[in-house]
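# Fold and contact review
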Amino acid sequence: MMRRLLFVCTAAWLAGVCLMAQAPPAIEYYRLVPGFLPEHKNEQGMAVGTGFASPNPWGAYTAYLMATNARGQRTWRIENYLPQGNTAQGSTMYLLEGSERALLVDTAQNTPEEMGKNDLKTVVRHLLGHNNDGSVKSNPLDFVVAISHGHGDHTGKNSQMNDRTIYFPDLDWPRNAGPNYVPIKEGGGPSEHGSGTAVGEIALGGRTIKAIDLAGHTPGSLGFLDTENNMVLTSDAIGSGLVWAHFGSIARYAESVRHLQAVLKPLDNPAILPGHFYQISMGARGKPPVNGKPLDKQYVDDQLAVAEGVLSGKIVGVPYAAGARKVMVAKVGSAEMTYDPASLGAAGSPETR
Ligand SMILES: [Zn+2]
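Residues numbered from 1 in each chain as written. Predicted model: local features only at pLDDT ≥ 70, side-chain atom pairs only at ≥ 80, totals over all residues. Heavy atoms only, no water.

### What about the overall build of the chain?
Applied cut-off: Secondary structure elements follow DSSP: runs of H or I no shorter than four residues count as helices, runs of E no shorter than two count as strands, and numbering proceeds from the N terminus. The globule rule used here is 2.2 Å times the number of residues to the 0.38 power, and the radius of gyration it is set against is calculated over C-alpha atoms. Only protein chains enter the calculation, and the probe is 1.4 Å; a residue is then buried if its accessible area is under 20% of its type maximum, exposed if over 50%, and partly exposed in between. Any two residues whose heavy atoms approach within 4.5 Å at even a single point are treated as in contact. Throughout, the Shrake-Rupley method with a 1.4 Å probe supplies accessible areas, and for residues the shown protein chains are the sole cover considered. Charge assignment in this entry is limited to Lys and Arg as positive and Asp and Glu as negative, and neither His nor the chain termini are counted. The atom standing in for a charge is NZ when the residue is Lys, CZ when it is Arg, CG when it is Asp and CD when it is Glu.
When its secondary structure is counted, the chain shows 4 helices and 21 strands. A compact globule built from 353 residues should have a C-alpha radius of gyration of about 20 Å, and the chain, at 20 Å, falls within 12% of that. Projecting the C-alpha coordinates of the chain onto the three principal axes gives extents of approximately 60 × 60 × 45 Å. Looking at the chain as a whole, 52% of its 353 residues are labelled buried. Intrachain contacts of the chain at a sequence separation of at least 6 include 58% that bridge at least 24 residues. With the model as given, the accessible surface of the chain reaches about 15400 Å², and the carbon-plus-sulfur share is 55%. The positive charge centre, built from 30 side chains, and the negative charge centre, built from 32, are 3 Å apart in the chain.

Shown next, in the form of structure tokens:
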């Protein structure tokens with residue numbers, strides 16, 4: 001399939017000049033990195049046991065090489081499995097390589113690991129320290145960390161990262177923030193946290209990642225946009241098939257989805273990369289005709305349709321089991337959304353799990 005070329009329009013655009021950039025790289029979702037194990041799942045798409053069929057030298061982790069762009073900069077999907085009874089809960093991280101440094105988005109769950117052998121930092125260093133053919137890479141890049149939102153299944157290994165910058169959503173700012181935490185929000189600007197100024201983007205050298213405010217799942221939920229590589233990392237902000245939007249107001253959530261829709265409008269079939277990747281093959285999204293296809297613009301449109309449908313009263317969900325609160329779940333196409341009927345238009349409580 002021909003991919004549309006990206007036109008990069010800088011200040012020169014005013015003079016009617018645009019520079020033609022390289023086409024964004026094709027995304028592959030299931031290309032395992034040599035030495036890592038595939039996940040072991042049941043018929044419902046849930047990981048069983050430890051998440052892996054045989055002993056995993058990488059402990060709770062596995063990794064997929066998603067893309068290598070024309071500059072040689074790579075993008076990985078890293079999965080982390082936390083056993084809970086007979087199944088294992090998956091949490092997804094992404095590693096984006098620039099020319100000067102790399103960015104790890106999220107630190108997943110607090111899974112047991114052997115330091116120096118199969119801990120998260122060792123996994124990331126292994127990926128950055130090898131070429132795609134498996135040979136050792138000379139002068140591998142170091143990495144910084146960005147967090148999508150304040151939930152514990154995305155911040156589980158932050159304590160391991162005290163020796164490097166952690167960009168943390170300004171409006172999800174944690175009580176235990178270390179001196180290495182830097183607030184981040186769309187557009188940057190004044191902040192009550194850190195040094196008093198939030199950043200709006202992270203430059204990796206020839207690759208810049210922009211924060212996009214996507215409040216709803218949590219007040220500070222962020223997306224990370226990489227226009228040139230035609231991808232946006234949305235973590236839990238719009239779910240991975242089903243979004244937990246019952247923590248806040250649905251009006252606010254709908255506003256965020258509308259904003260994401262506008263941000264993605266100029267992009268041709270961007271990769272939308274969620275925080276619990278395995279869930280795309282579960283629930284409504286796992287069934288025909290979608291059959292577990294990774295998230296796309298249609299999913300964003302469906303999320304907006306379900307939020308607007310609930311707000312207008314045209315869609316009424318069914319009860320959803322989520323603790324003691326009265327929570328409903330509603331569906332449009334392959335997109336599902338939980339909501340609190342008592343918190344549709346009003347500002348919701350900034351409760352987190
Ligand atoms: Zn979350």
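Resuming the write-up.
### Focus: the coordination of the zinc ion
The cut-off we apply is this: For Na, K and Ca the donor cut-off is 3.2 Å, while for other metals it is 2.8 Å, and in both cases only N, O and S atoms qualify; water is not among them, so sites may look incomplete. A four-donor site is called tetrahedral if each angle lies between 85 and 135 degrees; a four-donor site is square planar, and a six-donor site octahedral, when trans pairs exceed 155 degrees and the remaining angles lie between 65 and 115; all other cases are labelled irregular.
Surrounding the zinc ion are the protein donor atoms H149 (NE2), H151 (ND1), H217 (NE2) and D236 (OD), which sit 2.1 to 2.3 Å from the metal. Given 4 donor atoms and angles of 88 to 167° at the metal, the environment of the zinc ion is assigned as irregular. If you list the donors of the zinc ion from N- to C-terminus, the spacing comes out as H-x1-H-x65-H-x18-D. With H149 in the loop between β8 (143-146) and β9 (166-169) and D236 in the loop between β16 (231-235) and β17 (242-244), the pair connects residues that are 87 residues apart, well separated along the chain. We classify H149 as buried; its relative accessible area is 1%.

### Overview of the confidence of the model for the chain
Regions with low pLDDT should not have their predicted coordinates read in detail. Let me state the cut-off plainly: The pLDDT value expresses, per residue, how confident the predictor is, ranging between 0 and 100.
Taken as a whole, the chain shows an average pLDDT of 91; of its residues, 90% reach a score of 70 or greater. Within the model, pLDDT remains below 50 along residues 347-353, and this stretch shows 19 contacts once partners closer than five positions in the same chain are excluded.

### Quick word on the nonpolar core
The line we're drawing: Nonpolar cores were defined as sets of buried Ala, Val, Leu, Ile, Met, Phe, Trp, Tyr and Cys residues, with membership established by side-chain atoms within 4.5 Å.
Ranked by size, the top nonpolar core spans 53 residues in total, and within it L103 and M337 carry the most contacts. Considering each element in turn, this core owes the most residues, 7 residues, to helix α2 (residues 250-264).

### Brief notes about the sheet that holds strand β13 (residues 201-203)
Short version of the rule: Here the rule is simple: two strands pair whenever DSSP picks up at least two bridges between them. Orientation is described by lines fitted to C-alpha atoms, with helices fitted over the stretch in contact, and by angles between N-to-C directions that extend from 0 to 180 degrees.
Read from one edge to the other, the open sheet built from 5 strands follows the order β13-β14-β15-β16-β18, with strand pairing classed as mixed. Edge positions in the sheet fall to β13 and β18 (271-274), since each has one partner strand and no second. Averaged over all neighbouring strand pairs, the angle between strand axes comes to 20°, with direction disregarded. α2 rests against β14 (208-213), β15 (222-226), β16 and β18 of the sheet, and its axis sits at about 150° to β14.

### Let's talk about the side chain of N230
Applied cut-off: Nitrogen and oxygen atoms within 3.5 Å of one another constitute a polar contact, given that in protein one can donate a hydrogen and the other can accept it, and given that sequence-neighbouring residues count only through two side-chain atoms.
By secondary structure assignment, the location of N230 is in the loop between β15 and β16. Since its relative accessible area comes to 5%, N230 is described here as buried. Only 2.9 Å separates the side chain of N230 from the backbone oxygen of D268, close enough to count as a polar contact.

### As for the pairing of strand β21 (residues 335-339)
The buried count for β21 comes to 5 of 5 residues, which makes it a mostly enclosed element. Every second residue of β21 is oriented toward a common face, with A335, M337 and Y339 on one face and E336 and T338 on the other, all of them buried. Direction of pairing for β17 relative to β21: parallel, over a ladder of 3 bridges. Across the sheet, the residue bridging to L242 is E336, located in β21. Pairing analysis gives 5 bridges linking strand β20 (residues 327-332) to β21, with the strands arranged antiparallel. Its bridge partner lying in β21, V332 is registered against A335.

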